[in-house]
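Breakdown of the fold
Each chain is listed here by its residues.
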Amino acid sequence: MTDHSAYGLAIRSEIDLPELAPAPEPVPAPDLSVVLDAVPRDDAGWTAMGPFAAVAEDGAFRMEVRDVARFHVTGGDRIAVEPAAGADMASVRLFLLGSALGAALMQRGHFLLHGNAVEVDGRCMVCVGPSGIGKSTLAAAFLGRGHRVLSDDVVAVTPEGLALPGVARLKLWRDALERLELDAGALPRVRPTMEKYGLGPGAGYCAEARPIGWVYALRRSNEPGVAIERLRGMEAFMALRDNTYRLRFVDGMGQRPDNLKAAAALAGTARVSRVRRPDAGYEIEALVEALLADMAGGG
Amino acid sequence: MPGLHWLASYPKSGNTWLRTVLRNYVVDGPEPVALDDLGTGAIASARGWIDGVLGFPSADLTPEEIDRLRPDVYRWSAEAGATTGHHKIHDAWRLIDGRPLVDGEATAGAVYVVRNPLDVAPSLASHLSCSVDRAIEHMGDPDYTLSRQGRRMRDQVPQRLGTWSGHVEGWLGSGIPLEVLRYEDMRAEPEAAFARALAFVGLEVEPERLARAVAHSRFERLQAQEAETGFRERPAKASRFFREGRAGGWRETLSDPQVARLVEDHGPVMRRLGYLDETGAPV
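Residues numbered from 1 in each chain as written. Chains lettered and ligands numbered in written order. Predicted model: local features only at pLDDT ≥ 70, side-chain atom pairs only at ≥ 80, totals over all residues. Heavy atoms only, no water.

1. Focus: the overall build of chain A
- Assigned secondary structure in chain A consists of seven helices and 19 strands.
- Here chain A has a C-alpha radius of gyration of 19 Å; the compact-globule value for 299 residues is 19 Å, and the two agree.
- Along the longest, intermediate and shortest principal axes, the C-alpha atoms of chain A span 55 × 45 × 40 Å.
- Pairs at least 24 residues apart make up 64% of the contacts formed inside chain A by residues separated by at least 6 positions.
- Accessible surface, chain A: about 12,000 Å² in total, of which carbon and sulfur atoms supply 50%.
- A gap of 4 Å separates the mean positions of the 33 positive and 38 negative side-chain charges of chain A. (Helix = DSSP H or I, 4+ residues; strand = E, 2+ residues; numbered from the N terminus. Rg over C-alpha atoms; globule rule 2.2 N^0.38 Å. Contact = heavy atoms within 4.5 Å. Areas by Shrake-Rupley, 256 points an atom, 1.4 Å probe, with all protein chains shown as cover. Lys, Arg positive; Asp, Glu negative; His and termini not counted. Charge placed at Lys NZ, Arg CZ, Asp CG, Glu CD.)

Written out as structure tokens, the structure is:
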């Protein structure tokens with residue numbers, strides 16, 4: 001049994017979770033329990049949200065990652081994990097701390113963005129964008145410059161527009177690590193056969209909530225150089241809506257109206273911008289510089 | 001019959017041209033549609049599509065796992081009626097653990113575009129910024145895969161192409177309802193060829209509207225558009241996507257040994273498609 005802290009929750013887990021910060025002190029009554037338990041197979045009362053995920057009428061959530069694990073998330077306070085025969089725990093944890101934990105946060109009513117949150121000047125910058133665009137690589141570059149990371153992959157946003165400290169372990173491909181001049185050899189693989197590694201922020205973990213000052217939606221482009229374009233009004237709102245974490249689950253759980261409200265609220269308090277970066281041969285540090293300049297320039 | 005429509009081809013065979021005509025036909029505007037707005041539906045290997053349906057990221061999966069899950073993604077999308085439009089696919093049609101990558105439940109049909117491998121080779125070389133000899137090797141490599149995943153991630157999931165011949169034989173032997181379009185016929189008689197494709201995907205063919213769409217999609221126009229506004233499907237290393245756009249250019253580009261190599265590698269399928277005559281000579 002280990003106690004952890006993430007997203008403002010005291011988490012007690014039957015599975016060791018080295019990717020999460022330990023709870024600052026022993027937890028008398030956890031907010032969220034992670035248990036090893038069989039996941040129900042019966043389909044009655046469940047509505048499929050895809051071939052591998054389903055939601056029940058009471059908002060319970062079920063998901064299967066074939067040959068890795070099944071998850072059953074209920075009431076925002078319990079995640080049952082049923083590892084597949086022969087599955088390695090690193091792989092189980094990867095999906096537990098992503099989609100399963102995300103489902104629990106949704107059940108608790110949180111607005112979630114798919115991206116990462118990095119502390120800048122007492123506030124934080126949230127980078128969102130499609131898988132593979134380089135969000136985690138960017139966060140690692142900021143970490144290397146002394147900024148702290150609140151969360152990677154899932155950013156929980158409060159109604160007041162703060163990002164909560166969450167899972168801050170950065171998942172980086174070998175190629176990205178080399179560009180950052182970091183040594184993959186010292187890091188654990190996120191899955192046994194993949195060249196993808198977990199970079200724990202260590203002292204670079206920001207364990208406090210921070211107001212979101214800026215949201216940057218990253219996109220590829222054919223043009224050379226980095227281009228930052230401020231979005232306002234409808235465009236800002238749409239960028240936030242479109243970068244919601246697991247929008248399919250949000251819809252499945254009937255949370256779309258709340259999601260849209262939260263996106264609109266955040267569009268009002270954070271500076272939202274679209275960032276185009278070149279497809280090939282861009283310098284990560286140039287992107288960092290451009291973002292820092294943008295943040296310093298407009299306030 | 002419910003199911004997805006695929007626009008399938010080995011790369012550099014005219015798939016983009018087909019999509020351009022299709023899009024221009026559907027939009028039927030006074031101006032050609034923008035190149036970055038071909039919008040016919042996500043490519044089969046798009047992570048956004050796959051991840052959205054899976055509910056967990058393909059970026060956290062091995063290539064083998066992604067392969068095994070893709071048939072479920074397409075089945076779900078077809079059943080849920082969740083996608084509109086026509087989806088490009090470069091993957092070879094193949095069985096994964098006994099299941100077709102795209103099966104009869106997921107698929108209403110596919111337009112399969114094919115082009116003389118003698119013209120594909122130089123086009124592929126230009127696209128990949130490699131030598132023609134290297135491109136010929138790729139075309140003969142049963143393991144050839146686009147967007148391979150190893151030390152880094154690509155914006156699409158890995159797409160196993162296999163050999164050029166295997167690609168043709170796979171799709172033609174898949175049992176999926178198919179309309180086969182030869183690039184050379186698209187060049188020689190575009191309206192007849194594209195009419196077949198439109199009808200196959202369930203669009204009513206209005207001849208004048210098709211003529212306008214074909215005119216909007218003329219190669220010179222696509223080249224000019226690319227020069228002006230770029231084309232996001234151009235690989236960063238290639239100088240341009242729309243390079244030559246004609247049939248038979250291989251006679252000026254390929255050496256005799258290169259032609260011989262391609263004919264040796266792909267003769268039977270070339271003959272089947274009419275690219276070699278009875279004597280085995282290129283047509």
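2. Concerning the pairing of strand E1 (residues 4–9) of chain B
Residues and elements named next belong to chain B.
- By the criterion of burial, E1 is predominantly enclosed, with six of the six residues buried.
- The alternating pattern of E1 places Leu4, Trp6 and Ala8 on one face and His5, Leu7 and Ser9 on the opposite face, and all of these are buried.
- Inspection of the sheet shows E1 paired to strand E5 (residues 107–114) by six bridges, in the parallel sense. When the sheet's bridge partners are listed, Trp6 is paired in E5 with Ala110.
- Sheet analysis places E1 next to strand E2 (residues 86–89), joined by four bridges and oriented parallel. Each residue of the ladder has a partner; that of His5, found in E2, is His86. (Buried < 20%, exposed > 50% of the residue type's maximum accessible area, 1.4 Å probe, protein only. Pairing = 2+ DSSP bridges.)

3. Quick notes on the interface of chain B and chain A
- Contact residues are listed per partner, giving 27 residues for chain B and 33 residues for chain A.
- Summed over both sides, the interface between chain B and chain A buries roughly 2,600 Å², with carbon and sulfur atoms accounting for 54% of that surface.
- Three residues, Asp60, Trp76 and Arg151 of chain B, lead the burial of chain B against chain A; their summed loss comes to 26% of the area buried on that side.
- Viewed at the interface, chain A and chain B are joined by seven salt bridges.
- Its salt-bridge partner being Asp155 of chain B, residue Arg220 of chain A comes within 3.9 Å of it at the nearest N-O pair.
- At the boundary of chain B and chain A, one finds 13 residue pairs in polar contact (both at pLDDT 80 or more).
- At five residues, helix H3 (residues 63–79) of chain B tops the list of elements feeding residues into the side of chain B that touches chain A. (Buried area = accessible area lost by both parts, 1.4 Å probe. Salt bridge = Lys/Arg side-chain N within 4 Å of Asp/Glu carboxyl O. Polar contact = N/O pair within 3.5 Å; in protein donor to acceptor, adjacent residues only side chain to side chain.)

4. Section: unusual backbone geometry
Residue and element names in this part refer to chain B.
- In this structure, Asp28 is a non-glycine residue whose phi angle is positive, near 50°.
- Within the fold, Asp28 resides in the loop between helix H1 (15–27) and helix H2 (47–54).
- One non-glycine residue with positive phi stands out, namely Ser147, at about 55°.
- Tracing the backbone through its elements, the reader meets Ser147 in the loop between strand E6 (145–146) and strand E7 (159–160).

5. A few points about the pattern of salt bridges
- The full count for this structure, using the stated rule, is 49 salt bridges over all chains.
- Asp153 of chain A serves as the salt-bridge partner of Lys171 of chain A, at 3.5 Å between the closest nitrogen and oxygen. Highlighted residues: Lys171 of chain A in strand E15 (residues 170–173) and Asp153 of chain A in the loop between strand E12 (149–151) and strand E13 (154–157), separated in sequence by 18 residues.
- When its relative accessible area of 10% is taken as the criterion, Lys171 of chain A is described as buried.
- According to the relative accessible area criterion, Asp153 of chain A is buried, its value standing at 16%.
- Arg209 of chain B serves as the salt-bridge partner of Asp28 of chain B, at 3.8 Å between the closest nitrogen and oxygen. In this pair, Asp28 of chain B sits in the loop between H1 and H2 while Arg209 of chain B sits in helix H9 (residues 207–216), placing the two residues 181 residues apart along the sequence.
- By relative accessible area, which is 28% here, Asp28 of chain B ends up partly exposed.

6. Details of helix H1 (residues 89–107) of chain A
All names here are of chain A.
- If you look at H1, its biggest bend is around 40°, right at Leu96.
- Measuring from the side-chain oxygen of the N-cap residue of H1 to the backbone nitrogen of Ala90 gives 3.3 Å; that N-cap residue is Asp88.
- Note on H1: the residue one or two positions beyond its end, Gly109, has a positive phi of about 90°. (Bend = angle between axes of the 7 residues up to and from the residue.)

7. Comments concerning the nonpolar core
- Counting residues in hydrophobic clusters, the biggest one holds 99 residues, and the most contacted among them are Phe71 and Ile79 of chain A together with Tyr74 and Trp164 of chain B.
- Tallying contributions element by element places H1 of chain A first for this core, with 11 residues.
- Sequence-distant contacts of Trp164 of chain B, that is, excluding residues within four places in its chain, are made with Tyr10, Val114, Arg115, Pro117, Val120, Met139, His266, Val269, Met270 and Leu273 of chain B.
- One finds Val118, Cys127, Leu177 and Tyr282 of chain A within the second-largest nonpolar core, a separate group that totals 32 residues. (Core = buried A, V, L, I, M, F, W, Y, C linked by side-chain atoms within 4.5 Å.)

8. Quick word on the packing of aromatic side chains
Residues and elements named next belong to chain B.
- Within the structure shown, the criterion is met by 13 aromatic pairs over all chains.
- Between the aromatic rings of Trp49 and Tyr74, the centroid separation amounts to 5.3 Å while the plane-to-plane angle is 70°, which identifies the pairing as edge-to-face. With Trp49 in helix H2 and Tyr74 in helix H3, this pair connects stretches of sequence that are 25 residues apart.
- The exposure class assigned to Trp49 is buried, which follows from its relative accessible area of 10%.
- Tyr74 gets classed as buried once you look at its relative accessible area, which sits at 0%.
- Through pairs of rings, three or more aromatic residues link up here, namely Phe219, Phe231, Phe241 and Phe242.
- A cation over a ring is seen here: Lys12 above Phe241, with NZ or CZ 3.9 Å from the ring centre.
- One Lys or Arg, Arg115, reaches over the ring of Tyr183 and ends 4.0 Å from the middle of that ring. (Phe/Tyr/Trp six-rings, centres within 6.5 Å; stacked < 30°, edge-to-face > 60°. Lys NZ or Arg CZ within 6 Å of the ring centre and 35° of its normal.)

9. Looking at the sheet that holds strand E1 (residues 2–6) of chain A
All names here are of chain A.
- Taken in spatial order, the nine strands make up an open sheet running E3-E1-E2-E4-E9-E8-E7-E6-E5, and their pairing is mixed. Only two strands of the sheet have a single neighbouring strand rather than two, namely strand E3 (21–22) and strand E5 (46–48).
- Of the strand pairs in this sheet, strand E8 (residues 69–74) and strand E9 (residues 78–83) are connected by six bridges, and their pairing is antiparallel. Opposite Arg70, over in E9, you have Glu82 as the bridge partner.

10. Considering H3 of chain B
- For H3 of chain B, spanning 17 residues, the distance from its first C-alpha to its last is 25 Å, which sits close to the expected 24 Å at 1.5 Å a residue.
- Across the 17 residues that make up H3 of chain B, a large majority, 12, are buried.
- For H3 of chain B, the complete set of buried residues consists of Glu65, Ile66, Asp67, Leu69, Arg70, Pro71, Asp72, Val73, Tyr74, Trp76, Ser77 and Ala78 of chain B.
- On its buried side, H3 of chain B packs onto E5 and helix H5 (247–252) of chain A together with E1, H2, strand E3 (95–96) and strand E4 (99–100) of chain B. (Expected span 1.5 Å × (residues − 1).)

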